[in-house]
Amino acid sequence: MEGFKKPKETNLLSIININQVGLRTCKVCKNEVPIYERAGQRISVCMKCDHRKLSIEKSKGYVPPKRRELVNRVQQIQQIPNELLDVTLSDYIPKTKSQKEALDVITHYSKAGDTNFSSIVFKGKPGTGKSHLFRCAVRNLEEQKFVYEEDGNMYQVPHTVLFLKVPKLMKVIQSTYSNGSGLREQQILTTIFHVDYLILDEIG
């Protein structure tokens, strides 16, 4: 029949009056994304980012195996004293200017996830609230989620935060030298290396 075109030769976009009018660079993944126009309205969707978003939505609440193993290891090693389990930032009453500054730093860092800090060090006499503040940071950071990739798939997972008192950490590592220990030194060191945030208390 004259004028008939096989489906593979048909420009489907033209049939439904959609034309590609240009390209743009995705601000997120930096890929080139086509810009289409239909009836005077422009449409441009990054399929890579859209697929990534859908993958994350589908995986809500699921923690993949490697990440789950890290979380379990953190729980085994974690050393938070009972008196610090339920403390909050509102419990902390600064008595000096430096304590107020320390509170401001922890509040900003733990709530905003400020990446300007690669590390924070607090120095002071016992009883000034250093452990209190860092325990609060742990709780706030654990509540925040981020996009994590494992085996090519994307997941939205909470941060892993490891709180350790250095003297007790040394004892835990020493205990791994005995045959009956459930943990090995390398497992502890690997966990410390891979957590998102590491808090070391009583370094001095």
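Conventions and cut-offs
Residues numbered from 1 in each chain as written. Predicted model: local features only at pLDDT ≥ 70, side-chain atom pairs only at ≥ 80, totals over all residues. Heavy atoms only, no water. Helix = DSSP H or I, 4+ residues; strand = E, 2+ residues; numbered from the N terminus. Buried < 20%, exposed > 50% of the residue type's maximum accessible area, 1.4 Å probe, protein only. Contact = heavy atoms within 4.5 Å. Areas by Shrake-Rupley, 256 points an atom, 1.4 Å probe, with all protein chains shown as cover. Axes fitted to C-alpha atoms, helices over the stretch in contact; angles between N-to-C directions. Parallel < 35°, antiparallel > 145°, perpendicular 65-115°, else oblique. Nonpolar A, V, L, I, M, F, W, Y, C, P; charged D, E, K, R; others polar. Polar contact = N/O pair within 3.5 Å; in protein donor to acceptor, adjacent residues only side chain to side chain. pLDDT = per-residue confidence, 0-100. Pairing = 2+ DSSP bridges.

Attention now goes to the overall build of the protein. Regarding its fold elements, the protein presents seven helices and seven strands. Beginning at the N terminus, the succession of helices and strands in the protein can be written as α-β-β-β-α-α-α-α-β-β-β-α-α-β. The 204 residues of the protein split such that 32% are buried. Once local pairs closer than 6 in sequence are excluded, the contacts in the protein between residues at least 24 apart make up 56%. A total accessible area of about 14400 Å² is found for the protein, and carbon and sulfur atoms account for 53% of it.

The N-to-C vectors of helix α6 (residues 166–175) and helix α7 (residues 185–194) enclose an angle of 140°; their axes lie 8 Å apart at closest approach. Comparing the axis directions of α6 and α7 gives the class oblique. Of the residues in α7, those in contact with Leu 169, Val 172 and Ile 173 of α6 are Glu 185, Ile 188, Leu 189 and Ile 192. Taken together, the residues of the contact of α6 with α7 break down into six nonpolar, no polar and one charged.

Along the polypeptide, Gln 186 turns up in helix α7. Given a relative accessible area of 55%, Gln 186 falls into the exposed group. In the structure, Gln 186 is positioned 13 residues away from Ile 173 in sequence and 9.2 Å away in space, judged by C-alpha atoms.

Examined against the element boundaries, Glu 202 turns out to sit in the segment after β7 (197–201). For the pair Glu 202 and Lys 168, spaced 34 residues apart in sequence, the C-alpha separation works out to 9.5 Å. Not counting chain neighbours up to four residues away, the residues in contact with Glu 202 comprise Lys 165, Val 166 and Pro 167. At 3.0 Å, the side chain of Glu 202 and the side chain of Lys 165 are in polar contact.

Mean pLDDT over the protein stands at 80; residues scoring 70 or higher make up 82%. When mean pLDDT is compared element by element in the protein, helix α3 (residues 65–77) scores highest at 91, while helix α1 (residues 12–15) scores lowest at 60. Every residue in residues 1–10 scores below 50 in pLDDT, and together they form two contacts with partners more than four places removed in sequence or on other chains.

Before going further, it helps to examine the sheet that holds strand β3 (residues 41–43). Taken in spatial order, the three strands line up as β1-β2-β3 in an open sheet, and their pairing is antiparallel. Either end of the sheet is taken by a strand with one partner, and the two such strands are β1 (19–25) and β3. Looking at each pair of strands side by side, their axes are set apart by 30° on average, direction ignored. Sheet topology note: the strand β2 (residues 32–38)/β3 ladder contains three bridges and is antiparallel. Along β3, the bridge assignment pairs Tyr 36 with Ile 43.

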